[in-house]
Amino acid sequence: QPTTTTMTKKMKIVVSKKAFASMTLHAMHHVSNAVHGALIGIVTKETIEITDAAPICHETPSKTLLDTSLAMVQAQLGSGSVEIVGWYTAPESNNNAAPSPVALRVAANLDAMSTEFESVLIVLDNEQLGSMLTGKSSAAVKAFGKDFGNQWMEPIKDVTVEGDAATATTSAYKSKIPVLDFVDHLEGETSLEWFPNQALAKSVA
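With respect to the pairing of strand β2 (residues 35–43)
Piece 1. With respect to burial, β2 is a largely interior element, 7 of its 9 residues being buried.
Piece 2. Strand direction decides the pairing type here: β2 and strand β4 (residues 83–90), joined by 7 bridges, are antiparallel. Considered in β4, the bridge of L39 is made with G86.
Piece 3. For β2 and strand β3 (residues 47–57), the ladder comprises 8 bridges, and the chain directions are antiparallel. Looking at β3, one finds that I42 is bridged to E49.

If you want it as structure tokens, here you go:
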């Protein structure tokens, strides 16, 4: 593991349209539940570029669920430069934008799997999300890195969401592009795409 606990917090986080749309539409599909998913991206010396997100569940994830879903995501990614770089969550409550104990636990577990970089945790601010989708705010994505207590509670200030992500997400929502998580997939919606979501990628391109 990295010996410098401030490495991630000094890095820049860039969120693509596809990743933002995946996270947001996942949260909107399960509006009454907290949702969780994996962040997919490319890590360079100064930047974590989040290129996609893999929706995992709308419940507290068990170890078996995590192991199975992440293995399937990794199989889709192969052995290239794109990899699982962190975790995202959208809380159940509109007035809560802090990392939950569940999200903190998963972020720590993912971090233990990597020796090259610290994983990042993204929390969607539901209250700000509504404003962002109507063009009134751009602060819906909160990123966190590891603090000195080895918890993912240290805010990362340099977070950029691709310029027209909100517009593209709103368009995909109006077009009824399905964004399902792994649990939806297991519960019978196997005829629809889970990950990668090619329909969403085409919609936001």
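Some points on the packing of helix α2 (residues 17–29) against helix α6 (residues 165–174)
Piece 1. Running from N to C, α2 and α6 point in directions that differ by 45°, and their axes come no closer than 9 Å. It follows that α2 is oblique to α6 by the angle criterion. Between α2 and α6 lies a crossing whose hand is right-handed. For the pair formed by α2 and α6, the contact residues are K17, F20, A21, T24, L25 and M28 on the first element and A165, A166, A168, T169, A172 and Y173 on the second.
Piece 2. Looking at the contact of α2 with α6 residue by residue, the classes come out as 9 nonpolar, 2 polar and 1 charged.

Overview of the packing of aromatic side chains
Piece 1. Inspection of the entire model under this criterion finds 2 aromatic pairs.
Piece 2. Seen in terms of ring centroids, F182 and W194 are 4.8 Å apart; in terms of plane orientation they differ by 45°. Their pairing is tilted. Remark: W194 occurs in the loop between α7 (182–186) and α8 (198–204) and F182 occurs in helix α7; sequence separation between them is 12 residues. For the pair formed by F182 and W194, the shared burial category is buried.
Piece 3. Counting every residue linked through ring pairs, the aromatic cluster contains F182, W194 and F195.

Reading the values: rules and limits
Residues numbered from 1 in each chain as written. Predicted model: local features only at pLDDT ≥ 70, side-chain atom pairs only at ≥ 80, totals over all residues. Heavy atoms only, no water. Buried < 20%, exposed > 50% of the residue type's maximum accessible area, 1.4 Å probe, protein only. Helix = DSSP H or I, 4+ residues; strand = E, 2+ residues; numbered from the N terminus. Pairing = 2+ DSSP bridges. Axes fitted to C-alpha atoms, helices over the stretch in contact; angles between N-to-C directions. Parallel < 35°, antiparallel > 145°, perpendicular 65-115°, else oblique. Left-handed = near helix turned anticlockwise from the far one by under 90°. Contact = heavy atoms within 4.5 Å. Nonpolar A, V, L, I, M, F, W, Y, C, P; charged D, E, K, R; others polar. Phe/Tyr/Trp six-rings, centres within 6.5 Å; stacked < 30°, edge-to-face > 60°.

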